[in-house]
Amino acid sequence: MKVFEINKTQFIEKPIEKVFDFFSKPENLEKITPKYLAFNIISSLPIKMKKGKIIDYTIRLLKFRVHWRTLITSYEPPYLFIDEQIKGPYKFWHHTHTFESKNGGVEITDKVRYAIPFGWLGWILNFFWIRPDLEKIFNYRKDIIQKYFDNINKEDRSEER
């Protein structure tokens, strides 16, 4: 099984607890997921994140609704959590989210390791479609997360006046 990897890092000028709090609420996934994926949590809300928590949702891939189930396999607030696919479109999905205090803010790192079904055809799909789409999704997330925390910074400054 060929395992592919994507790594993304982002810096946010906010305390680690505030940033981790945003990410520890699965409901915020809808805010940071591109609309074309039609992301929808089907687990009961609100979801209390913890190790062992199972989260069910659906996404749209090529006009088909796909059920995705993830398990939180590690949860160490405010530094780390890991979600792994139990059921979904990948043969293997392991997503590590880390948060590190740095320079008056927090560095967020996403490390995604994934494998595609269908053998060599999966490799071709990954090269031409899946990896570019994942890159697009994570770039979208980065932009939305930055805008979200920039707006919080603006609100904080206006409250100080």
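Since we're looking at a predicted model, the values are computed, not measured. Residue positions are counted from 1 within each chain, in the order its sequence is given. For a predicted model such as this one, the threshold for reporting local features is a pLDDT of at least 70, and the threshold for listing and counting side-chain atom pairs is 80 or more; totals across whole chains, interfaces and linings nevertheless cover every residue. Values shown for side chains rest on all heavy atoms present in the structure; no hydrogens or waters enter the calculation.

Some thoughts on the packing of aromatic side chains
Moving on, step 1. Centres within 6.5 Å are what make two rings of Phe, Tyr or Trp a pair, Trp counting through its six-membered ring; a difference in plane orientation under 30 degrees is then read as stacked, over 60 as edge-to-face, and the rest as tilted. The final tally for this structure, using the stated rule, is 19 aromatic pairs.
Moving on, step 2. Relative to phenylalanine 99, the ring of phenylalanine 23 has its centre 5.4 Å away and its plane inclined at 55 degrees; by these criteria the two rings are tilted. Of this pair, phenylalanine 23 sits in helix H1 (residues 16–23) while phenylalanine 99 is found in strand S6 (residues 92–102), placing the two residues 76 residues apart along the sequence. You'll find phenylalanine 23 and phenylalanine 99 in the same group, each marked buried. The way it works is that DSSP assigns letters per residue, a run of H or I at least four long becomes a helix, a run of E at least two long becomes a strand, and they are numbered from the N terminus. Burial classes: relative accessible area under 20% of the type maximum marks a residue as buried, over 50% as exposed, and values in between as partly exposed (1.4 Å probe, protein chains only).

So, the nonpolar core
Moving on, step 1. Counting 37 residues, the largest nonpolar core has Val19, Phe23, Tyr90, Phe99, Tyr114, Leu134 and Ile145 as the members making the most contacts within it.
Moving on, step 2. Looking at this core, the elements that each hand over two or more residues are strand S1 (4–12), H1, strand S3 (54–61), strand S4 (64–76), S6, strand S7 (105–115) and helix H2 (119–160).
Moving on, step 3. Sorting elements by how many residues they give to this core places H2 first, with seven residues.
Moving on, step 4. When neighbours within four sequence positions are excluded, phenylalanine 23 is seen to be in contact with Ile32, Phe81, Phe99, Ile108, Arg141 and Ile145. Nine residue types can take part in a nonpolar core, namely buried Ala, Val, Leu, Ile, Met, Phe, Trp, Tyr and Cys, and a core is a set of them joined through side-chain atoms within 4.5 Å. Should any heavy atoms of two residues lie within 4.5 Å, those residues are counted as being in contact.

Some thoughts on the environment of glutamate 5
Moving on, step 1. Here glutamate 5 lies in strand S1.
Moving on, step 2. Note on glutamate 5: relative accessible area 35%, which makes it partly exposed.
Moving on, step 3. Here the alpha-carbon distance between glutamate 5 and histidine 67, two residues 62 residues apart in the chain, equals 22 Å.
Moving on, step 4. Ignoring sequence-local partners within four residues, the contact set of glutamate 5 consists of Lys111, Val112, Arg113, Tyr114 and Arg131.
Moving on, step 5. Side-chain polar atoms of glutamate 5 contact the side chain of asparagine 7, separated by 2.8 Å. Polar contacts, as counted here, are pairs of nitrogen or oxygen atoms within 3.5 Å of one another; within protein the pair requires one atom able to donate a hydrogen and one able to accept it, and residues that are adjacent in sequence qualify only if both atoms are side-chain atoms.

Description of the pairing of S6
Moving on, step 1. Pairs of strands are assigned from DSSP output, requiring at least two bridges between the strands. Here strand S5 (residues 80–87) pairs with S6 via five bridges, running antiparallel. In the strand pairing of S6, glutamate 84 is matched with histidine 94.
Moving on, step 2. The antiparallel pairing of S5 with S6 creates a hairpin that spans four residues between the two strands.
Moving on, step 3. Direction of pairing for S6 relative to S7: antiparallel, over a ladder of 11 bridges. Residue pairing for S7: histidine 95 is matched across the bridge by valine 112.
Moving on, step 4. Here S6 folds back onto S7, and the loop between the two strands holds two residues, one of which, asparagine 103, carries a positive phi near 45 degrees.

Digging into the layout of surface pockets
Moving on, step 1. Reported here for the largest pocket is a volume of approximately 760 Å³.
Moving on, step 2. Around the largest pocket, the lining comprises 39 residues; the ones closest to its centre are Tyr57, Ile59, Trp68, Tyr90 and Trp93.
Moving on, step 3. Taken together, the elements giving at least two residues each to the lining of the largest pocket come down to H1, S3, S4, S5, S6 and H2.
Moving on, step 4. It is H2 that contributes the most residues to the lining of the largest pocket, eight residues altogether.
Moving on, step 5. The nonpolar class holds Ala, Val, Leu, Ile, Met, Phe, Trp, Tyr, Cys and Pro. Asp, Glu, Lys and Arg form the charged class, and all remaining residues, Gly among them, are polar. Within the lining of the largest pocket, the residues separate by chemical class into 30 nonpolar, five polar and four charged. Only protein atoms enter the calculation, which uses a 1 Å grid: trapped sets of points that fit a 1.4 Å probe without letting it out are cavities, open sets showing protein on both sides within 12 Å along at least five of seven lines are pockets, and any residue with an atom within 4 Å of a point is a lining residue. Grid points are joined across faces, edges and corners, and a volume is the space filled by probe spheres set on the points.

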